[in-house]
Amino acid sequence: MNNIDKFKILSGITDFSFFKEFPNINCYKYYKKYLQDIDNYIKSTSYSQYKTRKLNFRFINRFDVNGIAYVKNGEDFIKINEGSLYVIYGMFGDLIINGAFSKYTSIKEVADSRIYLNNEGITEHEFNFKIPNDYNAKLLSEYLSMFAVKFIILHELGHHINGHLLYLEKHYGINEWYTKQTNRNIPDLLIKTLEMDADAFAISQLVREFKEMVINDKKINALNIPNDVKLGLLIFSLHNLFILLGEGFETQNYSNKYMSIKSRYLHNISCLKTNLEIQYFEFIDNINFIDVTSYYLKMSETLYFKVFKINNQLIDDLEQIIEEYNDFDEIKNTWNLIFDDLSKFARVPLSSKYKT
């Protein structure tokens, strides 16, 4: 393959492709505008006294898949690790090349590229990309990556928009989410409750965008993909993201203050179903959600193991999941206790109190 052909394959299709015209990285600009548009919309529709707070967003030169939200000097901040983009786009490229949604692709050739991340002139990390030549394969890979990256960004945004950080600043003198040093005095159940709420914020926004995609996205609709497969794209994206987050992360960084990655994922699937029923009932009413979820959950885990040799099945931690959900009543009680005060800091209406 000559360099011209290679550059054509590596160049992306969508506005959120990693490379638009290789070797220029395209997606930084897209996600910055994406977050700014959401922030502007909330500012224009919110009645909160905090709606005018300035939101600062940037990518930082770190290599793991993570982000952080904090407040400082009356302004809001979100930082997302650059590694989140490199790892996620690379992961879904590999999964598509190795058979994900192969009914809709016809891959004959693959181009690869390496990106070196430098810090103070020293190469600290190397990322390898493989991108298929097939239009459909490339398109699906970009959508899968986009859903996952947006979830990470939206989760951090949820800590601001739903008032979490201002609430913690008032009650605990803490302005950052999360570091081991700052959260040590926060009750375990409060952390779990706010983390679940930030996830719910992200899922709710993704469902709005998923509905828009199904109805109006010409690129996706041109593939003639059935609606259950379109939903499968979102489920496959989120599940592989949580498998990725679960790679060695729970034992190293999670304590009993946090839900397990797998329990968190199951909560998000439940949240996805609820939001589809509320926001897009005509879609989900014609789909067997349990069957679709089960199929793409199994497909995700099988293919992830095939490609990356990581076995991270939900069933492995079933006892832990059951134990955590037996404690869910305590999380509900925590939500009901903080709801009124938290609402004072939120810029959008919060999920209602649980019925007791």
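Our structure's up above, just so we're on the same page.
Described below are features of the structure shown in this document. The shown structure was predicted, so the numbers you read here are calculated from the model rather than taken from an experiment.

Rules used throughout
Residues numbered from 1 in each chain as written. Predicted model: local features only at pLDDT ≥ 70, side-chain atom pairs only at ≥ 80, totals over all residues. Heavy atoms only, no water. Phe/Tyr/Trp six-rings, centres within 6.5 Å; stacked < 30°, edge-to-face > 60°. Buried < 20%, exposed > 50% of the residue type's maximum accessible area, 1.4 Å probe, protein only. 1 Å grid on protein atoms, 1.4 Å probe; cavity = no way out; pocket = protein on both sides within 12 Å on 5 of 7 lines; lining within 4 Å. Points joined across faces, edges and corners; volume = space filled by probe spheres on them. Helix = DSSP H or I, 4+ residues; strand = E, 2+ residues; numbered from the N terminus. Nonpolar A, V, L, I, M, F, W, Y, C, P; charged D, E, K, R; others polar. Salt bridge = Lys/Arg side-chain N within 4 Å of Asp/Glu carboxyl O.

**What to know about the packing of aromatic side chains**
Next up, step 1: In total, this model carries 24 aromatic pairs according to the counting rule given.
Next up, step 2: For the ring pair Tyr70 and Phe77, a centre distance of 4.9 Å and an interplane angle of 5 degrees mean the geometry is stacked.
Next up, step 3: With a relative accessible area of 15%, Tyr70 lands in the buried category.
Next up, step 4: In textbook terms, an aromatic cluster arises when at least three aromatic residues are bridged by ring pairs, as seen for Phe18, Phe19, Tyr86, Tyr89, Phe127 and Phe129.

**Some points on empty space enclosed by the protein**
Next up, step 1: For the structure shown, the criterion picks out five cavities of 30 Å³ or more.
Next up, step 2: Here the second largest cavity is characterised by a volume of approximately 140 Å³.
Next up, step 3: Lining the second largest cavity are 17 residues, and of these Phe18, Tyr89, Ile131, Ser141 and Glu142 sit closest to its centre.
Next up, step 4: Put simply, the parts of the chain that give the lining of the second largest cavity at least two residues each are helix H3 (82–97), strand S7 (122–132) and helix H4 (135–161).
Next up, step 5: Counted by class, the lining of the second largest cavity contains seven nonpolar, seven polar and three charged residues.

**Topic: the pattern of salt bridges**
As a working rule, side chains carrying opposite charge can pair if their charged atoms are close by.
Next up, step 1: The full count for this structure, using the stated rule, is ten salt bridges.
Next up, step 2: Put simply, Lys43 and Asp39 hold a salt bridge, and the shortest N to O gap is 2.6 Å. Here Lys43 pairs with Asp39, and both are found in helix H2 (residues 27–45), just four residues apart, close to one helical turn.
Next up, step 3: Of the residues examined, Lys43 reaches a relative accessible area of 23% and is grouped as partly exposed.
Next up, step 4: Each member of the salt-bridge network shares a partner with another, and the members are Arg53, Asp76 and Arg347.

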